[in-house]
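Structural overview
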Amino acid sequence: MLVLTRKIDESIVIGDSIVLTVLAIDGEQVKLGINAPREVPILRQEVFQAVQDQVKIQQMLAEESRPDQFEQLRKLLASESENDSEEQENKEDQPK
């Protein structure tokens, strides 16, 4: 992982067409501006993970059903539920 330090209004460039700019810093929150071509998807990590999990579920359901697949699906859904609960607890623990 590359770690960089930037100040407000400073940027980093990724490839030839993506520019990340630090817009503001407020306590532990950093506002980033992202300038990228429309065809480049930009998702928060938790949204990206949810999309990937949905793809896995769709693939499992599209395959010929077997009892072990239903067990794998049950475990996947249970782990998603646990992750959602942990995220909610973390949000509640953060000062406002």
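Reference entry: report on the structure contained in this document.

**Some words on the overall build of the chain**
- Per the secondary structure count, the chain includes two helices and three strands.
- Counting from the amino terminus, the chain carries its helices and strands in the arrangement β-β-β-α-α.
- The buried share of the chain, taken over its 96 residues, is 12%.
- Within the chain, contacts between residues separated by at least 24 positions form 3% of all contacts whose residues are at least 6 apart in sequence.
- As displayed, the chain has an accessible area near 8,700 Å², and 51% of this comes from carbon and sulfur atoms.

**A short note on a nonpolar patch on the surface**
- On the surface, Ile8, Ile25, Val30, Leu32, Ile34 and Ile42 cluster together to form a nonpolar patch covering roughly 530 Å² of accessible area.
- Among the elements that make up the nonpolar patch, the one with the highest residue count is strand 3 (residues 29–35) (three residues).
- When you line up the elements, Leu32 lands in strand 3.

**A closer look at unusual backbone geometry**
- At Asp9, a position not held by glycine, the phi torsion is positive, near 75°.
- Of note, Asp9 is situated in the segment before strand 1 (11–14).
- With relative accessibility at 62%, the residue Asp9 sits in the exposed group.

**Things to note about the pairing of strand 3**
- Pairing of strand 2 (residues 18–26) with strand 3, which is carried by seven bridges, proceeds in the antiparallel orientation. Looking at strand 3, one finds that Ile25 is bridged to Val30.
- Taken together, strand 2 and the strand that follows it, strand 3, pair antiparallel across an intervening segment of two residues, in which Gly27 is found at a positive phi of about 65°.

What counts as what
- Residues numbered from 1 in each chain as written.
- Predicted model: local features only at pLDDT ≥ 70, side-chain atom pairs only at ≥ 80, totals over all residues.
- Heavy atoms only, no water.
- Helix = DSSP H or I, 4+ residues; strand = E, 2+ residues; numbered from the N terminus.
- Buried < 20%, exposed > 50% of the residue type's maximum accessible area, 1.4 Å probe, protein only.
- Contact = heavy atoms within 4.5 Å.
- Areas by Shrake-Rupley, 256 points an atom, 1.4 Å probe, with all protein chains shown as cover.
- Patch = residues over 30% accessible without salt bridge, like charges linked within 9 Å, V, L, I, M, F, W, Y side chains within 5 Å.
- Salt bridge = Lys/Arg side-chain N within 4 Å of Asp/Glu carboxyl O.
- Pairing = 2+ DSSP bridges.

Read these as geometric descriptors, not functional statements.
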